[in-house]
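# Tertiary structure, described
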Amino acid sequence: MPDKRHVLITGGNRGIGLETTRMFVETGCTVTVVARNFRAFPLKTDPQVRCVEYDLENTTGIPEMAGSLPHVDILINNAGVMYSVPWDSYPDEKKQSMLNINLEAPVALIQALAPAMIENGYGRIVNNASIAGHIGHPDIWYGITKAGLINLTRSFARILGPHGIVINAVAAGPVETDMLAVIPEERKKAIRNMVYTGRFARADEVAKAMFWLATECPEYINGTCIDINNGAFPR
């Protein structure tokens, strides 16, 4: 039987987000994808997919945007940016952009969508964090925002868990997506040398973990961050 839940995926038009969108579409879900543009989005004509062109840097408009959508059962906070700017010459506009997109937008979306989830007694939220949130990162603001995303996962799980809402995160190492291009070659080589299998993750591997957390994951797994780094950060 097709899954009739409505899923909202930020940045669901490419990379990990695109693979996650595909998985939900294949199960029969209706998927709303929020992204800056859909020029190269292969699913933009799929009848199960709604495309909402929106820049998540504009956090003040998120409540209105979210309020225009049908009830959302599953929220995937996937969108994120990384600029790889040196710590001692970080432009204020890039710092603010990263804070808005990587951290404030997920909070705003949860705040906008959680009341209806509470009323319905059900909701699933998955946040796409990063290994950078655990071990730090040369792009200091990227690491800071991803650490914050992990913390907000735990905080909102504590707040929303009693109302039937399950919220978890994933923290992947480098993934074969467009974002990999901004990582210096020496750093990529060092990370590959730590990984057990000597390669970066595929986008679909991270997407599968996010899909599981949003669907079949037991309710008792709540407020957790799953590491996806294949030895780059063993614990």
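Up top is the structure.
Right, let's walk through the structure included here. What you see is a predicted model; the values in this text were computed from it and never measured.

The next subject is the pattern of salt bridges. Opposite charge on two side chains lets them pair, provided their charged atoms get close. Throughout the structure, instances matching the rule amount to 8 salt bridges. With a closest N to O distance of 3.2 Å, Asp 55 and Arg 36 form a salt bridge. Pair noted here: Asp 55 is in the loop between strand 3 (49-53) and helix 2 (62-67) and Arg 36 is in the loop between strand 2 (30-35) and strand 3, with a separation of 19 residues, a long-range link. By relative accessible area, which is 44% here, Arg 36 ends up partly exposed. Linked by salt bridges that have partners in common, Arg 199, Arg 202, Asp 204, Glu 205 and Lys 208 make up one network.

Membership of the largest hydrophobic core comes to 33 residues, with the highest contact counts inside it found for Leu 56, Leu 75, Ile 110 and Ile 125. Looking at this core, the elements that each hand over two or more residues are helix 2, helix 3 (92-120), helix 5 (140-160) and strand 6 (165-172). Examining the composition of this core, we find that 8 residues originate from one element, helix 3, more than from any other. Apart from the residues lying within four places of it in its own chain, the contact partners of Ile 125 are Leu 75, Asn 77, Ile 110, Met 117, Leu 160, Ile 165, Val 166, Ile 167 and Asn 168. Counting residues in each nonpolar core, the second largest holds 32 residues, with Val 7, Ile 16, Val 31 and Ala 209 among its members.

Across the chain, the bulk of peptide bonds are trans and the bulk of non-glycine residues have phi less than zero. Of note in this structure, Asn 230 is not a glycine but carries a positive phi near 55°. Locating Asn 230 in the fold gives a position in the segment after strand 7 (225-228). Here Asn 230 falls in the partly exposed class, since its relative accessible area comes to 34%.

Before going further, it helps to examine the pairing of strand 1 (residues 6-10). In terms of burial, strand 1 is largely enclosed, as 5 of its 5 residues are buried. Where strand 1 and strand 2 come together, 5 bridges link them in parallel fashion. Residue Thr 10 lies in a different strand from strand 2, and its bridge partner there is Val 34. Handedness of the β-α-β unit built from strand 1, helix 1 (residues 15-26) and strand 2 comes out right-handed. As defined by bridge partners, strand 1 adjoins strand 4 (residues 74-77) across 3 bridges and the pair is classed as parallel. Across the sheet, Val 7 pairs through a bridge with Ile 74, a residue of strand 4.

This part covers the environment of Ala 157. Mapped onto the fold, Ala 157 is located in helix 5. Judged by relative accessible area, which is 10%, Ala 157 ranks as buried. For the pair Ala 157 and Ile 221, spaced 64 residues apart in sequence, the C-alpha to C-alpha distance is 10.0 Å. Not counting chain neighbours up to four residues away, the residues in contact with Ala 157 comprise Pro 162, Ile 167, Asn 222 and Gly 223.

So, on to the state of the cysteines. For the coordinates displayed, the defined rule picks out 0 disulfides. Considering cysteine sulfurs only, Cys 217 is the nearest to Cys 29, which forms no disulfide, with 16 Å between them. Its relative accessible area of 1% is what places Cys 29 among the buried residues. For the unlinked cysteine Cys 51, the closest cysteine sulfur is that of Cys 29, found at 16 Å. By relative accessible area, Cys 51 is classed as partly exposed at 31%.

Between helix 1 and helix 7 (residues 203-214), whose axes approach to 8 Å, the crossing angle comes to 50°. Overall, the two elements helix 1 and helix 7 adopt an arrangement that is oblique. Handedness of the helix 1/helix 7 crossing: right-handed. Residue-level inspection shows Gly 15, Ile 16, Glu 19, Thr 20, Met 23 and Phe 24 of helix 1 in contact with helix 7, the latter providing Ala 203, Asp 204, Val 206, Ala 207, Lys 208, Met 210, Phe 211 and Ala 214. In terms of residue class, the contact of helix 1 with helix 7 is built from 9 nonpolar, 2 polar and 3 charged.

About the cut-offs
Residues numbered from 1 in each chain as written. Predicted model: local features only at pLDDT ≥ 70, side-chain atom pairs only at ≥ 80, totals over all residues. Heavy atoms only, no water. Salt bridge = Lys/Arg side-chain N within 4 Å of Asp/Glu carboxyl O. Helix = DSSP H or I, 4+ residues; strand = E, 2+ residues; numbered from the N terminus. Buried < 20%, exposed > 50% of the residue type's maximum accessible area, 1.4 Å probe, protein only. Core = buried A, V, L, I, M, F, W, Y, C linked by side-chain atoms within 4.5 Å. Contact = heavy atoms within 4.5 Å. Pairing = 2+ DSSP bridges. Right-handed = clockwise from strand over helix to strand, strands pointing away. Disulfide = S-S within 2.5 Å. Axes fitted to C-alpha atoms, helices over the stretch in contact; angles between N-to-C directions. Parallel < 35°, antiparallel > 145°, perpendicular 65-115°, else oblique. Left-handed = near helix turned anticlockwise from the far one by under 90°. Nonpolar A, V, L, I, M, F, W, Y, C, P; charged D, E, K, R; others polar.

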